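# Commentary on secondary and tertiary structure
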Amino acid sequence: MVIKKQENDKISVLLNDLNSLQSYINDIFIFSPLPICFISPIGVILEANPAFIKISGFSFNEIIGKSIEDFFDKREIKQAINDTIEKGFVEGKEVWFSPKEKSEMPIQIFTRVRIDEKREKIGYFLSVVDLTEIKKTQRDARRALMNILEDVKEEKNKAEEEKNKTLAIINNFADGILVLDKNDKILLVNPKAESFFEVNAKDLIGKTIPEFSKESPLLPLLEIFSKKSKEFFREEINIREELILEISLVSIIREEEKIGSLIILHDVSREKLIEKMKSEFVSLTAHQLRTPLSAMKWSMRMILDGELGKINKEQRDFLQNNYDSNEKMIHLINDLLNVTRIEEGRFLYQLVSADIGQIIEEVIKSHKELAKKRKIKFEFKKPAQKVPKFMMDVDKMKMALENLIDNAVRYNIKGGYVKVSLEKNKDKVEISIKDNGVGIPEKHHPRIFTKFFRAANVIKIDTEGSGLGLYIAKNIIEAHKGKVWFESSEGKGTIFYLVLPIRRRA
Amino acid sequence: MLTKKEADKLIGLSGESRGMNIKIDLDYILERYGEKGIKKIEERIIQLGYPLKYKEIEPMGFYPVGLEAIVLVSIKDVFDLNEKQVEEMGVSVVKFSLFMKIFMKYLGSLALIANEIPKIWKEHYTIGKLIMPDFSDEKKYAIIREEGFKIHPVYCDIHKGYFVKVGQMAVKAPAICQETKCMFKGDPYHEFLLTW
């Protein structure tokens, strides 16, 4: 009786354990978030957990007893089942799953064969992982990547196109171009530059200009580079006898940072040739004109002086007018000849040691008559410190000062003044010529030293000026290594400043 | 409608049924009619004098086979199920049964099923037996026989449902089940013809 009770108690304990185990297995199966089903050896779904039911969209009743092939692509699932039977498992095979009332979804399947105690295959477990979101993310990422790649490709094509355009422009540019990087290494040489220097671009690329030897065709460029440290503009160099270039160096700036430099080589040979021919023509013409004009001058002078007989007043007046006009013509021709000489580089100086103060006084004296006529007061402020004699071309210096002082008198107002001052400052002399005349309009300031230029306000006063005086004066002063500049205000007057070095030797 | 007297008579029958058998019937009610459905059945059983709480059923435990019959008939009465609906219930409850899940491993062939089917019966009941005396894969039929199990006619319908579902699982095709012999009609046993 006791034994029977003990057996019953044991059975009761075992049944309780069995209940708990059943409940535990059931809970695991139900709460597993992974869709799982159990398939019979012939491919019938025998069991499915809630996660599988949810993903399939079918009810539990509909699923149980259904063939597994009804849920998948038949060919794919058959292959997976065969693999499971053969290998015992399938790991993460991607197949298409057909849920109820939904379009096919990509999933991964995992299978494990189920074997009983006799090692017989009694079916298999199958679990699925929904890849829809992953695939969507992959698709989106791929699409985004493709878009990026397309954008990059498009931008690359655009950049390529722009580069090709730029290269085409550079290669076909009428000017020679050299592109340097920020370390002054040559990056690009266009065909025109190659032809200017008679070099091959590939021999230059990657080198810096200072690297070229004295035998290099780029020597003229090297010379100008060594003289000019930063940018320069329209520097003229002779490459060969028939080739003159104007060279400019400009920085290439991007976002306030220098990323390189551009050397532009502009061929001015033709312009120079034309200019030379023009100068030669002017020179020849002027010479040809000056001879008869000089003859006319002396003939008229002799008649006016009565050396060829007595003339009445009317005849004298006519003749004097002709004489004055002839003088102006000779003066103009002389100016033209001087300009020609300047341009031809033949403005030769006869340098002698001379007293600049004396020259100024002579020029002032020669203008006293005109000043008196126009009631203009002349003032010459002599230097406090004695100015030594220095080397100069007296005639040319006189010509320069005459041009400046003549302008000060000629374009002055009646009763105005002209103040000339001379000062020594260390090894230089400083001359200023100040008037209270008509002044120079501000818009004309930049052109005042150019050839044949005359400001509009002076043309109204005097129609006969050649517009060459200041050009010649500037060239003379600069030929003496000096400088000339001015300050002017229209209607108030002008001051010209000259600075000349005191050179005791030629 | 089952009376108290009939219920008492059923309880008096010898033999036991596993708690699982009762539980899966109530699982079906819960799935189909919800908690309210369970409550209705529990109230009905109390009326019949055999209080049983769904949540207290021990699936592995042994209960009087008559109690299972009372629950089944109460379900039929409370929800006014006809024979076909009881058979459908039989189809559905198979999925809840742990014993069936254990048995499913034998669903690979009819021969295997024939061999194992008596064992699975014994998992469910302490009385009667279940055998598969004849079957043919080729002709697509199987004869299933229940012997010594004369409890209540409700079992004829619900077991038809079981066999339909199990048959479908075994042969991978929709199956039809007919009761060809019935102990309540004077036959010595219940016999079912399963075709597909």
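Thresholds applied
- Residues numbered from 1 in each chain as written.
- Chains lettered and ligands numbered in written order.
- Predicted model: local features only at pLDDT ≥ 70, side-chain atom pairs only at ≥ 80, totals over all residues.
- Helix = DSSP H or I, 4+ residues; strand = E, 2+ residues; numbered from the N terminus.
- Buried ≥ 20, exposed ≤ 12 C-beta atoms within 10 Å, placed from the backbone.
- Contact = placed C-beta atoms within 7 Å.
- Nonpolar A, V, L, I, M, F, W, Y, C, P; charged D, E, K, R; others polar.
- Pairing = 2+ DSSP bridges.
- Axes fitted to C-alpha atoms, helices over the stretch in contact; angles between N-to-C directions.
- Expected span 1.5 Å × (residues − 1).
- Parallel < 35°, antiparallel > 145°, perpendicular 65-115°, else oblique.
- Left-handed = near helix turned anticlockwise from the far one by under 90°.
- Core = buried A, V, L, I, M, F, W, Y, C linked by C-beta atoms within 7 Å.
- pLDDT = per-residue confidence, 0-100.

### Things to note about the overall build of chain B
- Assigned secondary structure in chain B consists of 7 helices and 6 strands.
- Considering chain B as a whole, with its 196 residues, one finds that 47% of them fall into the buried category.
- Sequence-distant contacts, at least 24 apart, represent 64% of the contacts inside chain B between residues at least 6 apart.

### Quick look at the overall build of chain A
- Across its full length, chain A holds 14 helices and 17 strands.
- Among the 506 residues that make up chain A, the fraction classed as buried is 24%.
- In chain A, the share of contacts with a sequence separation of at least 24, taken over all contacts with a separation of at least 6, comes to 49%.

### Things to note about the interface of chain A and chain B
- On the side of chain B, 16 residues touch chain A, which itself brings 19 residues to the contact.
- Every element with two or more residues in the side of chain A that touches chain B is listed here: helix 1 (2–31), strand 2 (45–48), helix 3 (60–63) and strand 5 (121–130) of chain A.
- Across the side of chain A that touches chain B, the residue classes tally to 9 nonpolar, 8 polar and 2 charged.

### Some remarks on the sheet that holds strand 5 (residues 176–181) of chain B
Residue and element names in this part refer to chain B.
- Strand order across the open sheet formed by 4 strands is 3-4-6-5, with antiparallel pairing between neighbours. The outermost strands of the open sheet, each flanked by one partner alone, are strand 3 (129–136) and strand 5. Averaged over all neighbouring strand pairs, the angle between strand axes comes to 20 degrees, with direction disregarded.
- Bridge analysis of strand 5 against strand 6 (residues 190–195) gives 5 bridges, and the strand direction is antiparallel. By the bridge assignment for strand 6, C177 is matched with L194.
- Across the sheet, helix 6 (residues 110–124) touches strand 3 and strand 4 (141–147), and the angle it forms with strand 3 is around 170 degrees.
- This element, helix 7 (residues 154–171), spans strand 4, strand 5 and strand 6 of the sheet and lies at about 135 degrees to strand 5.

### Section: helix 2 (residues 19–47) of chain B
- The end-to-end C-alpha separation of helix 2 of chain B is 21 Å, well short of the 42 Å expected for 29 residues at 1.5 Å each.
- All of the buried residues in helix 2 of chain B are G19, M20, N21, I22, K23, I24, D25, L26, Y28, I29, I41 and I45 of chain B.

### Comments concerning unusual backbone geometry
Residues and elements named next belong to chain B.
- One non-glycine residue, K140, lies in the positive phi region at around 60 degrees.
- Among the secondary structure elements, K140 is positioned in the loop between strand 3 and strand 4.
- We classify K140 as partly exposed; it has 14 C-beta atoms within 10 Å.
- The residue K172 is not glycine, and still its phi comes out positive at about 60 degrees.
- By the element assignment, K172 lies in the loop between helix 7 and strand 5.

### A short note on the sheet that holds strand 16 (residues 483–489) of chain A
Residues and elements named next belong to chain A.
- Strand order in this open sheet of 5 strands is 12-14-15-17-16, and the pairing throughout is mixed. Unpaired on one side and paired on the other, strand 12 (377–381) and strand 16 mark the two borders of the sheet. Within this sheet the neighbouring strands show an average axis-to-axis angle of 10 degrees, counted without direction.
- Here helix 14 (residues 469–479) sits on the sheet in contact with strand 16 and strand 17 (493–501), set at roughly 140 degrees to strand 16.

### A word on the packing of helix 12 (residues 394–410) of chain A against helix 14 of chain A
Residue and element names in this part refer to chain A.
- Running from N to C, helix 12 and helix 14 cross one another at 140 degrees; their axes reach a closest spacing of 9 Å. When the axis of helix 12 is compared with that of helix 14, the two are oblique. Where helix 12 crosses over helix 14, the two elements pack in a sense that is left-handed. Counting all contacts with helix 12, which are made through K396, M397, M399, A400, N403, L404 and N407, the residues of helix 14 involved are G469, L470, I472, A473, I476 and I477.
- Partitioning the contact of helix 12 with helix 14 into residue classes produces 9 nonpolar, 3 polar and 1 charged.

### A closer look at the pairing of strand 9 (residues 243–254) of chain A
All names here are of chain A.
- Pairing geometry for strand 8 (residues 232–240) and strand 9, over 6 bridges, is antiparallel. Its bridge partner being in strand 9, I237 is matched across the sheet by L245.
- Connecting the antiparallel pair strand 8 and strand 9 is a turn made up of 2 residues.
- Strand direction decides the pairing type here: strand 9 and strand 10 (residues 257–267), joined by 10 bridges, are antiparallel. Opposite L245, over in strand 10, you have D267 as the bridge partner.

### Overview of the nonpolar core
- Of all hydrophobic cores here, the largest spans 85 residues; its most connected members are I39, I45 and L46 of chain A together with A69, I70, V71 and F163 of chain B.
- Per-element accounting of this core gives the leading share, 11 residues, to helix 7 of chain B.
- With residues near it in sequence (within four places) discarded, I70 of chain B still touches L2, A7, L10, I45, L48 and Y50 of chain B.
- Core analysis: the second largest hydrophobic core is formed by 42 residues, I356, M392, M397 and I440 of chain A among them.

### Brief notes about helix 7 of chain B
Residue and element names in this part refer to chain B.
- Taking 1.5 Å of rise per residue, the 18 residues of helix 7 would be expected to cover 26 Å, and the 26 Å separating its terminal C-alpha atoms lies within 8% of that figure.
- The element helix 7 is extensively covered by neighbouring structure, given that 18 of its 18 residues are classed as buried.
- Looking one or two residues past helix 7, K172 carries a phi angle of roughly 60 degrees, positive in sign.

### Some points on the confidence of the model for chain B
- Confidence in the prediction for chain B averages 92 pLDDT; 100% of positions are at 70 or higher.
- Prediction confidence for the complex, expressed as pTM and ipTM, is 0.49 and 0.72 respectively.

### Structural notes on the pairing of strand 6 of chain B
- Pairing of strand 4 of chain B with strand 6 of chain B, which is carried by 6 bridges, proceeds in the antiparallel orientation. Within strand 6 of chain B, the residue paired with I143 of chain B across the bridge is L193 of chain B.

### Points about the environment of I237 of chain A
Residue and element names in this part refer to chain A.
- Here I237 is to be found in strand 8.
- Its 15 C-beta neighbours within 10 Å are what place I237 among the partly exposed residues.
- Residue contacts for I237: discarding those within four places in its chain leaves P220, I224, L245 and I247.

### Overview of the packing of helix 2 of chain B against helix 3 (residues 65–78) of chain B
All names here are of chain B.
- Between helix 2 and helix 3, the least distance of the axes is 10 Å, while the angle of their chain directions is 70 degrees. Here helix 2 lies roughly perpendicular to helix 3, going by the angle between them. Along its contact with helix 2, which presents N21, I22, D25, I29, K40, I41, R44 and I45, the element helix 3 presents L67, E68, I70, V71, L72, S74, I75 and V78.

### Describing the environment of F212 of chain A
Residue and element names in this part refer to chain A.
- You can see F212 is positioned in the loop between helix 7 (201–204) and helix 8 (219–227).
- On the neighbour-count criterion, F212 (20 C-beta atoms within 10 Å) is buried.
- The spacing of F212 and L222 is 10 residues in sequence and 7.4 Å in space, taken between C-alpha atoms.
- Leave out the neighbours within four places in its chain, and F212 touches K207, L218 and L222.

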